[in-house]
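Residues per chain, in single letters:
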Amino acid sequence: MFVIFFFSKILLMTRKFKRTCERARSLSGRPEGPYRAVESADALVTQDFEGVDTLDKLFVHAVKRFGQASCLGTREVLSEEEEKQPNGKIFKKLVLGDYSWMTYEEVNQAVESFGSGLAALGQQPCNTIAIFCETRAEWMITAQACFRRNFPLVTLYATLGEDAVVYGLDQCGATHLITSTELLRTKLKNVLSAVSGLQHVVYAGSDEVCRADYPQSLAMHSIQEVMELGTKPENLSKEYKRPTASDLAVVMYTSGSTGKPKGVKMQHSNLIAGMAGQCQRIPGLGSQDTYIAYLPLAHVLELTAEISCVSHGCRLGYSSPHTLTDQSSKIKSGGKGDCSVLKPTPHAAVPEIMDRICKNVNGKLREMSVIQRTLFKVGYNYKLQKVSQGADSPVCNKLFFKRVNLLLGGCVRLMLSGGAPLSASTQRFMNVCFCPVAVGYGLTETCGAGTISEFSDYSTGRVGAPLICSEIKLRDWPEGGYTSQDKPHPRGEILIGGPNVAMGYYGSEGEEENDNFWVDEAGQRWFCTGDVGEVHPDGCLQIVDRKKDLVKLQAGEYVSLGKIEAALKNSPLIDNICVYASSVYCKLQRFLCLLLCGKMAKAFMFLCVSMYRLYINYILCVCVCVCGTVGKLERFEVPQKIRLSSEAWTPETGLVTDAFKLKRKELKNHYIKDIERLYGAK
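Conventions used here
Residues numbered from 1 in each chain as written. Predicted model: local features only at pLDDT ≥ 70, side-chain atom pairs only at ≥ 80, totals over all residues. Heavy atoms only, no water. Helix = DSSP H or I, 4+ residues; strand = E, 2+ residues; numbered from the N terminus. Expected span 1.5 Å × (residues − 1). Buried < 20%, exposed > 50% of the residue type's maximum accessible area, 1.4 Å probe, protein only. Pairing = 2+ DSSP bridges. Axes fitted to C-alpha atoms, helices over the stretch in contact; angles between N-to-C directions. Contact = heavy atoms within 4.5 Å. Phe/Tyr/Trp six-rings, centres within 6.5 Å; stacked < 30°, edge-to-face > 60°. Lys NZ or Arg CZ within 6 Å of the ring centre and 35° of its normal. Core = buried A, V, L, I, M, F, W, Y, C linked by side-chain atoms within 4.5 Å. Left-handed = near helix turned anticlockwise from the far one by under 90°. Nonpolar A, V, L, I, M, F, W, Y, C, P; charged D, E, K, R; others polar.

Draft legend 1. Expanded view of helix H12 (residues 351-366). End to end, H12 covers 22 Å across 16 residues, agreeing with the expected 22 Å (1.5 Å per residue, within 8%). Among all positions in H12, only Pro 351, Glu 352, Ile 353, Met 354, Asp 355, Ile 357, Cys 358, Lys 359, Val 361 and Leu 365 are buried.

Right under this line is the structure:
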């Protein structure tokens, strides 16, 4: 017994040492940095596999290693049925079968045929080609074909508004567009006639397309037709030049959270370096893993995650938010969601998805008996204590969390969060109830690479040390009160440098280079993020603010809108929220939207005025309590007015991005009359 106790103490001390050991260091010895991961202190990493310096070579390398293994999977739709809800409404539900799989070799053949077909349709090397499509296997096949043939791929979010789609397609000058039958019927139907220069539209999907509904100047083709064209001997036999590391691979249009979308130019070498850094932080990624692909592929997080998984031999099973779990909106009652069928092992998610999972579980807990809830809480607190010590609790996992794990298939061994800040409460919940969660920080402009926390690091609020492909500097921002001399930790605006930094914005060469992108005296590219961070003694980064979210009040105090929103999201009554400060009236006011309690909000809005005001006052009291106790905010940071809405903020409404980041300008315009009333306008 003494020996077991002695070794358990040593193991615990070792884990504590790992959490406090140096993960990154300042090369200059000064608090502003630059900071590099200890593994790459001498030189930043540019490749994951030696000599593999383009995305084309990366896929060919994977095909050689995993040729007959399963690569891309799509779930069969057996039928579509109408299901009557308890409230009388009729919803369309899907009856789904099993996943059917293409091997790496079969995907490689499809890539070759499709690339050959595009070339036969007149697509030229080094000329852009656009994709406006949902996440699906055809998206990845298209991407790999473009990488192979040196067709720079322009990506557009499938949830972008019509004006943004026209803007992106016009600016990039693409003559060929890849899309789906669904988007052709909806978002593109009234858009294509406004796009100049477009000649060919290639669509994925089995639905019929009425070609008379679209401009006569456009040639319409199904993906299958293009592949058949590409397999013709006269097309397949044509030689072509493959890309080099310095060739443009992707022009990724941002989601436009601050205005018009910008096309970020990524070379092959940028993406290769970024993924080399990301993969180094993900332990044991290999052919035994199954990844569920459902996030937008036009987002750098999902694109690099999927390409990284393929390069290491994983299976990619395609899904959507509507069919992800057994409770998803398009899954028929009693049917199985994609997670239950696929049983993924690594899982990438934006914080909004994790927040929904937590609130779903907590909702189920409230339906349990007092005894069941008490037992769950005891198990949760016990494992939370173990997790905070760097340990696990297999007994608690089996007794309390096995059923919870089944929400995501029951086999998830690690999760990666990115795209937006993850709240501490959600991170702890996912660590305890599911698996270790790593939090990443990166931008489209850095190919999604910047930092990722270690899966063994159970601290919250931090985003880890710099990846081995990048380094970080802090630049003083005195106006906001952030400097490298701050105590206890240096703080400042985050600058990211390395081979993963993109080449600038499409169509704005030279206009914004000095403000956003620049090259230092050593020839290394840098990007100014606009985020404010602090570096902990072990070299890990914490995001504390964003320059664009900072507003100045009438009395001169600076207020961080994002900080207040993060605090208020801890309330179970709030699903999404936006704090607004008027530059006209110079007071901090706000409106909020209750999505989780949307039906309740709608019901209250139709009650008598006195009851509605009582409910508003109750919500305000909750906000004040959360701000004071959880957020530890100052008095002037607590909102004074509220606008309750039953309308969901989704990418489809245009009020948030695909990563569920707030579009402040669109929200302001949407609720402008309500805002004016809150400020006293009549």
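Moving on, there is more to tell.
Draft legend 2. Quick look at the sheet that holds strand E7 (residues 176-180). Spatially, E9-E8-E7-E5-E6-E10-E11 is the arrangement adopted by the 7 strands of the open sheet, whose pairing is mixed. Because the sheet does not close on itself, it has two edges, and the strands there are strand E9 (219-222) and strand E11 (263-267). Taking the axes of each pair of neighbouring strands and ignoring which way they run, one obtains an average angle of 20 degrees across the sheet. This element, helix H4 (residues 137-149), spans strand E5 (129-131), strand E6 (153-155), E7, strand E8 (200-204) and strand E10 (248-253) of the sheet and lies at about 145 degrees to E6.

Draft legend 3. Broad picture of the packing of aromatic side chains. Under the counting rule described, the total for this entry stands at 8 aromatic pairs. A ring pair is formed by Phe 66 and Tyr 104, whose centres lie 5.8 Å apart and whose planes are at 50 degrees; its orientation type is tilted. With Phe 66 in helix H2 (residues 55-66) and Tyr 104 in helix H3 (residues 104-120), the pair connects residues that are 38 residues apart, well separated along the chain. Here the two residues Phe 66 and Tyr 104 agree in accessibility, since each one is buried. Arranged with centres 4.9 Å apart and planes meeting at 45 degrees, the rings of Phe 517 and Phe 527 form a pair that is tilted. In this pair, Phe 517 sits in strand E21 (residues 517-519) while Phe 527 sits in strand E22 (residues 525-535), placing the two residues 10 residues apart along the sequence. Among the aromatic residues, those joined into a cluster by ring pairs are Phe 376, Phe 400 and Phe 401. Positioned above the aromatic ring of Trp 526, the side-chain terminus of Lys 473 is 4.5 Å from the ring centre.

Draft legend 4. Here's a closer look at the nonpolar core. In terms of nonpolar packing, the biggest core is built from 126 residues, with Leu 72, Phe 114, Met 266, Met 415, Met 430, Cys 433 and Phe 434 touching the most fellow members. The element best represented in this core is H4, accounting for 8 residues. Core analysis: the next-biggest nonpolar cluster, separate from the first, contains 30 residues, Val 154, Leu 156, Val 209 and Tyr 253 among them.

Draft legend 5. Just the pairing of strand E4 (residues 90-103), in detail. Alignment of strand E3 (residues 70-84) against E4, held across 12 bridges, turns out to be antiparallel. Residue pairing in the sheet places Glu 80 in a bridge with Leu 94 of E4. Connecting E3 to the next strand, E4, in antiparallel fashion are 5 residues, including Gly 88 with a positive phi near 95 degrees.

Draft legend 6. Seen up close, the packing of H2 against H4. Axis separation between H2 and H4 bottoms out at 8 Å; the angle between their running directions is 115 degrees. The handedness of the crossing between H2 and H4 comes out as left-handed. Taken together, the residues of H4 that come into contact with H2 (itself represented by Leu 55, Asp 56, Phe 59 and Val 60) are Gln 144, Phe 147 and Arg 148. In terms of residue class, the contact of H2 with H4 is made up of 4 nonpolar, 1 polar and 2 charged.

Draft legend 7. Molecular detail of the sheet that holds strand E12 (residues 290-293). Reading across from one edge, E4-E3-E13-E12 is the order of the 4 strands in this open sheet, with mixed pairing throughout. Pairing within the sheet leaves two strands with one partner each, and these edge strands are E4 and E12. Taken over all neighbouring pairs, the strand axes of this sheet differ in orientation by 20 degrees on average, direction set aside. Here H3 sits on the sheet in contact with E3 and E4, set at roughly 100 degrees to E4. Most of the contacts of H4 go to E3, to which it runs at about 145 degrees, and overall it touches E3, E4 and strand E13 (315-318).

Draft legend 8. Expanded view of the environment of Leu 121. Relative to the helices and strands, Leu 121 is located in the loop between H3 and E5. Taking the relative accessible area as the measure of exposure, Leu 121 reaches 14% and is therefore buried. Remark: the alpha-carbon pair of Leu 121 and Val 226, spanning 105 residues in sequence, is separated by 8.2 Å. With near-sequence residues (within four places) excluded, Leu 121 lies in contact with His 176, His 200, His 221, Val 226 and Leu 229.

Draft legend 9. Representation of helix H5 (residues 162-172) in the model. Taken together, the buried positions of H5 are Ala 164, Val 165, Val 166, Gly 168, Leu 169 and Cys 172. On its buried face, H5 is in contact with E5, E6, E7 and E10. Two residues or fewer past H5, Gly 173 is found with a positive phi of approximately 70 degrees.

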